[in-house]
Amino acid sequence: MGHTSRRKFIQQGSLGAAGYLLASGMMRQAAAAIPSVPSSMPAILGAAPRWHAGSWVKWPMWKQGEDERLLLDSVRSGVWSRAKLVDQFEAKWAEAVGAKRCLTVVNGTNALITALNRLGIDAGDEVITTPYTFIASVQAILANNAMPVFADVDPATYQMDPASVERKITPRTKAILVVHILGLPADMDAIMAIANKHKLIVLEDACQAHLAEYGGKRIGSIGKAGCFSFQNSKNLPIGEGGAIVSNDDAFIDSCFAAHNLGFAYGTSTGAVAGDSFMKASKVRLTEYQAAIGLAQLERLNAQTDTRHQNAVYLSSMLKDIPGVKPIRLYDKVNRGAWHLYSFRYDPTAFRNLPRARFIEALRKEGLNCSGGYKVMHTQEFMRDALQSRVYKAFYNKQETDFAKYKERNACPQNEALCNSAVWITQNTLLGSRQDMEGIAESIRNIQRHADKI
Ligand SMILES: Cc1ncc(COP(=O)(O)O)c(C=O)c1O
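Residues numbered from 1 in each chain as written. Predicted model: local features only at pLDDT ≥ 70, side-chain atom pairs only at ≥ 80, totals over all residues.

### Focus: the overall build of the chain
And then number 1: Within the chain, the regular secondary structure consists of 18 helices and 14 strands.
And then number 2: At 23 Å, the chain has a C-alpha radius of gyration in line with the 22 Å of a compact globule built from 453 residues.
And then number 3: Projected onto its principal axes, the C-alpha coordinates of the chain cover approximately 70 × 55 × 35 Å.
And then number 4: Intrachain contacts of the chain at a sequence separation of at least 6 include 72% that bridge at least 24 residues. (Helix = DSSP H or I, 4+ residues; strand = E, 2+ residues; numbered from the N terminus. Rg over C-alpha atoms; globule rule 2.2 N^0.38 Å. Contact = placed C-beta atoms within 7 Å.)

Next up, the structure:
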C-alpha cells in the first residue's frame, strides 16, 4: 500500500475498528486488504483480485507470547483433566453471557445433547426447530430419540418464524429449540410468548451467537438454557469445545453429572471409585482447552463490536444494489454476533447470472463466501433415524414413514432461502471500513458486467 492510501485509511478510521486493529497488531493484514489498483472490472474477467488470502484476519487468531502464557503453564503443570482453568473459564463465560451458571463440554453438539437430555426430552417427544441450521441442532434432538419438527423461516431475518412454530405444536410437543442462526437473535419475545402459552421448554442453540444481544439481554440467557460452540470457525474458537448456560442451579448440577459419568456436581472429576447416581456419558473439557478459551475471551467483546459495526455499514451499502437483500435484524436486536454475514441474491437483477457463478466471481475478488446451508430434512440421516428400532417403538407408522415425514416438514421459505443466500465468513467483518466498501464495489462491478460472466 502506498503512503497516500495508508494516510487516508488512518484518517478515515473504521468505526473503532482501526484503533482495535492497530492495537492488536492486525493493521498490516487490514492494510493489505485495500486495493492498490482500483478496477471497475471484476477479477473473474481478468482484473487483479481486490484481496488475496493474506488480506484478511487469519482465523483462529493466536497471539504469540500473550496467548501462550496460560496454555504453557497448563501444559507444563501436567494437570490436563478438568480443574481450576475449566472452572475459571466457566465462571467467566457465565458472566459474559449474563447467566448464573455455565458448564463446559467437549463441543456444541454435546452441549445440546446434554441440555435436551437434562430437560427431560426423550423418546416419543417432539421438538420444534428451524430447518435453516447446522445439522448438529437436529442430530442433538435425534440423539435423545425425539422427533425433530421443522417450523419454516422468516426469509428476511433467516430465523424461525414464530407463526409457523405455533402451527407445528401438537400434544407431543415438549420443547422449542430456537437457533440464533448466523449469530443473529431470533424473535425471542414472540417465541417465549408462544412457549409460555403452550407450556413448552425453550432451549437456545446459541452455538453461533456469542455475545449477541436482544432487548438488552445476552443471547443464551433468555430461554431455560443456552448452548454454545467453541469449534475452530466460531467467534470464540478453541478448536473443539462447548458450553451450557442457565440460571437454574439444579439443571446445571444435573448437566454436570450427565457430563461426568453420573458423579454429582461438587465431586472430584478424577474420582475412580465415587458413587454415580445416573446413566451418563463423559464429555469434559480439558485444562489446556480452557486456557485457549480464556485467551480468546479477552478480545471477544471488542471483536463483536467491530463485526456488528462493519455488518451494519455493509448492509447500508448493499441494500441499494438491485437484487441484493441484506439480512434483516429484529427491532429488539442490540447487537448481532455475525458469525456469518449474509444477503439474498436475485439472479434476475444480474442478467440471470446463476448464484453459483456469482459466488465464483466474488471468490475471484478474494472474498471468502459460499451459498450456505442445503435443505436438511430430506437427507438420509433422517431416514436412518426414522427406521431405527427406538423410533419404530415410540412413533406410529405415519410418523416414521420417510416420504410422509418429508411432506409434513416441507418448508418453502427455507427452500427458497437455501437457494438464494450468499454467506461471507465472520473474519471478513474484522476488516476495515474500506474493505466493506470494497465488497459493495465488487458486487456492483459484477452486476455491471454480468452479461459477460
Ligand atoms: C447452529 C449450530 N448448532 C450446533 C453446532 C455444533 O457445535 P459443535 O461443532 O461445537 O459440535 C454448531 C457448530 O458447528 C452450530 O453452528
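### What to know about the domain arrangement of the chain
And then number 1: Domain annotation for the chain reports domain 1 (12-59 + 300-372 + 418-452) and domain 2 (68-295).
And then number 2: A straight line from the C-alpha centre of domain 1 to that of domain 2 covers 30 Å.
And then number 3: Of the residues lining the interface, 19 residues belong to domain 1; the matching set on domain 2 comes to 21 residues.
And then number 4: Those elements that provide at least two residues to the side of domain 1 that touches domain 2 are α11 (287-318), β11 (333-335) and β12 (340-345).
And then number 5: For the side of domain 1 that touches domain 2, the element with the highest residue contribution is α11, accounting for four residues.
And then number 6: Here the residues of the side of domain 1 that touches domain 2 are counted per class, giving eight nonpolar, eight polar and three charged. (Domains from an automatic or database assignment. Nonpolar A, V, L, I, M, F, W, Y, C, P; charged D, E, K, R; others polar.)

### Focus on the pairing of strand β8 (residues 225-229)
And then number 1: Burial runs high along β8: five of the five residues are buried.
And then number 2: Of the two faces of β8, the one holding A225, C227 and S229 and the one holding G226 and F228 are both buried throughout.
And then number 3: Taken together, the three bridges between strand β5 (residues 201-205) and β8 define a ladder with parallel strand orientation. Each bridged residue has a counterpart across the sheet, and for D205 the counterpart in β8 is C227.
And then number 4: As judged from the four bridges shared by β8 and strand β9 (residues 242-246), these two strands associate in the antiparallel manner. Bridge assignment links S229 to a residue of β9, and that residue is G242. (Buried ≥ 20, exposed ≤ 12 C-beta atoms within 10 Å, placed from the backbone. Pairing = 2+ DSSP bridges.)

### Overview of the nonpolar core
And then number 1: The biggest cluster of nonpolar side chains holds 119 residues, and the ones touching the most others in it are A115, I176 and I244.
And then number 2: For this core, the leading source of residues is α11, giving seven residues.
And then number 3: Here this core gathers at least three residues from each of two domains, domain 1 (12-59 + 300-372 + 418-452) and domain 2 (68-295).
And then number 4: In this structure, A115 is in contact with L203, A225, C227, I244 and C255, ignoring residues within four places of it in sequence. (Core = buried A, V, L, I, M, F, W, Y, C linked by C-beta atoms within 7 Å.)

### Digging into the environment of R351
And then number 1: Mapped onto the secondary structure, R351 falls in the loop between β12 and α12 (355-364).
And then number 2: Each C-alpha atom, one on R351 and one on I453, is 9.7 Å from the other, the two residues being 102 residues apart in sequence.
And then number 3: Filtering out sequence-adjacent residues up to four positions away, R351 remains in contact with A450 and D451.

### Let's talk about unusual backbone geometry
And then number 1: In this chain, W59 is followed by P60 through a cis amide linkage whose omega measures 0°.
And then number 2: Within the secondary structure, P60 is located in the loop between α3 (27-32) and α4 (68-77).
And then number 3: The phi dihedral of Y158 falls on the positive side, at around 70°, and the residue is not glycine.
And then number 4: Relative to the elements of secondary structure, Y158 occurs in the loop between β3 (147-150) and α8 (162-167).
And then number 5: By C-beta crowding, Y158 is classed as buried, having 26 other C-beta atoms within 10 Å.

### What about the sheet that holds β9?
Backbone hydrogen bonds are what pair the strands of a sheet, in a parallel or an antiparallel way.
And then number 1: Strand order across the open sheet formed by seven strands is β1-β9-β8-β5-β4-β2-β3, with mixed pairing between neighbours. Looking at which strands have only one partner, the edges of the open sheet turn out to be β1 (101-105) and β3. Geometrically, the sheet is characterised by an average inter-axis angle of 25° between neighbouring strands, direction not taken into account.
And then number 2: The pairing of strand β2 (residues 126-129) with strand β4 (residues 173-179) spans three bridges and is parallel. Considered in β4, the bridge of E126 is made with T173.
And then number 3: Relative to β2, helix α7 (residues 135-143) is tilted by about 175°, and along the sheet it contacts β2, β3, β4 and β5. (Axes fitted to C-alpha atoms, helices over the stretch in contact; angles between N-to-C directions.)

### Notes on the pairing of β3
And then number 1: What you see with β3 is no split at all: M147 and V149 on one side and P148 and F150 on the other are buried throughout.
And then number 2: Read as a crossover between parallel neighbours, the route from β2 over α7 to β3 is right-handed. (Right-handed = clockwise from strand over helix to strand, strands pointing away.)

### Re helix α5 (residues 84-97)
And then number 1: Taking 1.5 Å of rise per residue, 14 residues should cover 20 Å, and α5 covers 20 Å from first to last C-alpha, within 8% of that figure.
And then number 2: Just past α5, the residue G98 takes up positive phi, approximately 80°. (Expected span 1.5 Å × (residues − 1).)

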